[in-house]
Structures are given as C-alpha cells and as structure tokens.
Amino acid sequence: MSYFTHPQFLTRQELVNKRLDYQALNEAWRATLEPFTYISLERLLTKKEANEDILETDNVITITSKDFPPNNFCYKFVDDDDDDVDNDNIISFAQNDRMEEYADRHPTQGAPIIQTDTQNLKRFNSSIHTPITTTASKYLFSVVLAGGDEIVQLKASYRHQLSIRIDKETSCLYLDCFEYKATCLDVLRGGESPMPTEGETNAYGNIIFGNGRGDRDEGATRTVARSGDTHNDIMEHYKALVGKFLNSRVFQLGISLSNVKGIRLIAMPTDHRSSNRQPDSDNDIAAVLILEIAEPEDIFAVRTVRSKRNNADSFTLCPDWLPGNGTGSKTSRFYFYGSLTEMKSTAAHMAKLSIDIANMLEAKGSNTLALSPGIISVEYDAAPSYGSNKKRRVDGESNAFTRPLPSAWDGNIINIREVFEASLAREQNPAKRMMLRMMADPLSVIAVNQDPNSSAEDVMLSTMLGQQVAREGMDSVMDMSMNDCAQS
C-alpha cells in the first residue's frame, strides 16, 4: 500500500482544510484503537479537576489587552500525550500559517440555499464559508447549560468532539459538537476480532472515491475478507470508521457576543496537589469560563461532516437540538470547562472583539457575574430563568429533523473497559500485567483483589499496592504510575 493510496492520506485529502473535522476523526480513531491511551487520559489532572468544584473558589482570572491574541493567531496544539514541546508534533489549524482557518458559514433565516459541489466544499468559498478561529478544542472537556427547565451537561468522549470557535465577521461564539460516538474495538486480537461489513467500507468508498456521489451498496452485510496482513485488516476498520464519521453530523450552537452581559473566568487553585504534580503550564490547570446572556439565544444549525448528498455538508438551520426540554433556547448561563490556556484564549478573543466584554473581564464595566462588590453566585441553580426564546421559528427542512441521541455527549467510549480488560488478560506475565494496569488506571489496581476471577498473583500484587495506599495515600500510587509512564 503506497502513501498516496493509504486510507489515512486519502481521508486527509478529502477533508483538506477542514482541520477540526480531520483532528476529531483522528481522535475518534485513537479512541477506537487505543483503550490504554484513553483510559490514561482520565487521569489528566486538568480533566479531573474541570468540574463544578471550581465554582466554589474565587480564583478569578483577569484578562487585559496584554492577553489579546495577535492578528495572525491560529489554533495550535501538541499532538502527543505528554505535550512535550517539539515543533515536529505541533498541529496548526491554519494552512502553513498563512491561510486563515475557515468553516461552514452559519445560515441565517430566509437566506437562499447555495448550490455546491464537492470541489467547492474543498476550497474556500465566501458564499458558503467564513473565516473562523478555533480557541478551545483539545482541552474542552465539557459544557454545562443552566437556567432552563433542567441542567444539561455535554461531555466530550474524545478530544476535539467539542470545540469553541469565534467568528469575527458576525461577532459570534460557536460551540461545535460532533455527534459521532466512538466504540473501542479489540483489533489487536489477531484473527478472532470481527471484521467490518462491506457496507461499512462501501460508505467510505462512496465519499472518498465517488466524488461525493458514489453508488456502492452501503447496506451490504457480508463481512470484509481478511487479507492475512494485520495492518491491512486494521485499515479496513479505519475505512469503516471514516465512513461512519463522515456521514455523521456536527451540531452547532451560537452565542452573539453582544448578548453577553456577564462573564467570569475561574481557575482551579493547585496548592492542594503534591509537590511533584504541580502544573508545568496553564494547560495543566483546570478552568471554567462562564457566560451569562441577556436573553435566550436561538442560533442552532446542523451539517453532515462529509456527505454524498448535495448540500448536506453545509450548515442548515435546525430546532434546538440539545438534550432536555428546549434547554438550549431557554439557557441563561453557559459553563465551558477546560484548560486555563484554552479558556483564557477564548476569553481574550471575545474581549478583543467586544469592548463591553473587555471591560467586564478587566473589572471595569457592568458585569452580572462580577466577583465584587458582593458575591454573585455562579452555582447552576442560581442561573436566571428567562423562559423560551420565541423570536425565530425554524421551518422547511426542520420537519424531517432527527435529534441526536443524548448519549452522543455522555463522555463515554463504548466497550473501552471490556477491551482494556481483555487486552490485560492476554498478558501472561503477572508483574507486567499489573504494571500496565497501574500505568493506565491505578485505581483499578486496588479493585483487582475484589474480583473473584482474579489470579492469585494479581490478588497478591493488588494487596501490596493496597497496603501502600493505606500507609502513604492514593497519591503515592498515582505518583508511581506517573514515573512508570515516564520511563516506558
């Protein structure tokens, strides 16, 4: 298989400058293939501490003009697990740092549908695209919406599933949410793991080779024949995932910056961490960016990631797609949980576009979420209730609208624990098996001796670690696992 016919190269060529789409797909594939990696990510302190406990602190971060992004800002991140800075591993959402990042334009009510073809979708077209700036993605862990009939939380199952993007042209903040739900596969189980169906790989072929209009049978149920080569067989699984991901949807929610009347950026203090787990950068610090709006928004849209149906790739207006009873169109507060780096970047971009938001973040202007004078509660239950926004009604295609499953954003990867345990069970060396478990999920080590199916060796090693926790606390096991990861 040559480089130019490799499925991953062809997929990248298909998505071209849709950098966010491509990176989200990559992470969905990683979540499918690497259970150890994704279980290990649950130990990331930034992610563990990015929760409502931050709301109880008063560690408010101020944003000034010194924090404003440069005019040539583009979203970048390090494409590895430990974020060691290496220029070869830095992924940029701009093309060669020269062309701006762009995205599908959010539609407006009454606007005509622009007829497009696949080639137009692959290059910038001002009628269907708009320059965009991603400000939070890799470290955007969850979003909470409050003030409606119920509190709703969207949790990312894999990196880049949720993203915040700023549209300078419309002065709007957009939350993009990929609905694709990752399922972990035990593809390294030799000839025992089931292969995908021909219909699943045909969905890939229809988009990649059919110029968006392929006619291969996507309903074929016969499984793909094994090639005898492990890599080629794994690529058949990759094709199946790409077909599903490209045919899935991206849901969008918009917040007009002019509608923001309150904002607060809070970082989780780190003085409770042990000395060897102090943050190396703002990416190691959890934070929440809270926005309070003057009136409910009704900016909802949906598109297919990449479809063989004409125009399905462009955003179209849709009803409130969020879980709950009209949650999105009744929300008064949005809580964005992520790393301090990405939350500061988002706040700074907003401040650069809006003098009112800049004044709020610098404690100069009217701010309904100001820390002083007095203490304004930022608890979920304290969010004001506005009722539903009746300003816009979605018509036309919305009659055929299919709501996403709430489980799309529950933070879980299907089957990951089962594959994790099955992979460990195949390791015959008890010491190595326990070391692998401790590196990925130290907490599960303690639970091994409660499992009646555990081997005598595993119970013994688990008991020894349990005794260590009793003597020195859980941090000692976490620290040990971190050292093992560093040496592996």
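What this report covers is the structure whose coordinates are included nearby. Quantities reported herein were computed from a predicted structural model and do not represent experimental measurements. What you see as residue numbers is a count from 1 along each chain, following the sequence as written. It should be noted that, the model being predicted, local features are given only for residues of pLDDT at least 70 and side-chain atom pairs only at 80 or more, the latter also being counted only at that level, while totals for whole chains, interfaces and linings use all residues. Neither water nor hydrogens contribute to the side-chain values; these are computed over all heavy atoms in the structure.

**Overview of the pairing of strand E12 (residues 286-293)**
A 1.4 Å probe rolled over the protein chains alone gives each residue an accessible area, and that area as a share of the maximum for its type sets the label: buried under 20%, exposed over 50%, partly exposed in between. Numbered from the N terminus, helices here are DSSP runs of H or I no shorter than four residues, and strands are runs of E no shorter than two. Here E12 lies mainly inside the structure; eight of its eight residues are buried. Neither face of E12 is exposed, since Ala286, Val288, Ile290 and Glu292 on one face and Ala287, Leu289, Leu291 and Ile293 on the opposite face are all buried. Pairing between strands is defined by DSSP: at least two bridges between them are needed. Relative to E12, strand E11 (residues 260-267) runs antiparallel, the two sharing seven bridges. Among the inter-strand pairings, Arg264 is bridged to a residue of E12, identified as Ile290.

**Some details on helix H7 (residues 230-247)**
Multiplying one less than the number of residues by 1.5 Å gives the expected span of a helix. For H7, spanning 18 residues, the distance from its first C-alpha to its last is 26 Å, which sits close to the expected 26 Å at 1.5 Å a residue. Where burial is concerned, most of H7 is hidden: 13 out of the 18 residues are buried. One side-chain oxygen at the N-terminal end of H7 lies 3.0 Å from the backbone nitrogen of His231; it belongs to Asp229. For the purposes of these results, a polar contact is taken to be a pair of N or O atoms within 3.5 Å, where, inside protein, one atom must be able to donate a hydrogen and its partner to accept one; residues adjacent in sequence count only when each atom of the pair is a side-chain atom.

**Digging into the packing of helix H10 (residues 416-425) against helix H11 (residues 430-440)**
Here H10 crosses H11 at 155 degrees, and the two axes come no closer than 9 Å. Classified by the angle between their axes, H10 and H11 sit roughly antiparallel to one another. Mapping the contact onto sequence places Phe420, Glu421 and Leu424 in H10 and Arg433, Leu436, Arg437 and Ala440 in H11. In this classification, Asp, Glu, Lys and Arg are treated as charged, Ala, Val, Leu, Ile, Met, Phe, Trp, Tyr, Cys and Pro as nonpolar, and every other residue, Gly included, as polar. When its residues are assigned to classes, the contact of H10 with H11 shows four nonpolar, no polar and three charged. To get an axis, fit a line to the C-alpha atoms, keeping to the stretch in contact for a helix; angles then go from 0 to 180 degrees between the N-to-C directions. Here the angle decides the label: under 35 degrees means roughly parallel, over 145 means roughly antiparallel, 65 to 115 means roughly perpendicular, and every other value means oblique. Any two residues whose heavy atoms approach within 4.5 Å are treated as being in contact.

**Quick notes on the packing of aromatic side chains**
For any pair of aromatic rings, the description rests on two quantities: the centre-to-centre distance and the angle between the ring planes. Pairing of aromatic rings covers Phe, Tyr and Trp, the last counted by its six-membered ring, and requires centre-to-centre distances within 6.5 Å; plane angles under 30 degrees mean stacked, over 60 mean edge-to-face, and any other angle means tilted. By the definition in use, this model includes 15 aromatic pairs. Seen from their ring centres, Phe77 and Phe93 are 6.1 Å apart, and the 90 degrees between their planes marks the pair as edge-to-face. On the criterion of sequence distance, the pair formed by Phe77 in strand E1 (residues 76-78) and Phe93 in the loop between strand E2 (90-92) and strand E3 (102-104) is long-range, its members being 16 residues apart. Judged by its relative accessible area of 6%, Phe77 falls in the buried class. With centroids separated by 6.3 Å and ring planes inclined at 80 degrees, the aromatic side chains of Tyr139 and Phe141 adopt a geometry described as edge-to-face. A connected cluster of aromatic rings, assembled from ring pairs, spans Phe251, Trp321, Phe401 and Trp409. Sitting above the plane of the Phe315 ring, Arg303 keeps its charged end 5.3 Å from the centroid. Charge over a ring is defined by NZ of Lys or CZ of Arg lying within 6 Å of the ring centre and within 35 degrees of the ring normal.

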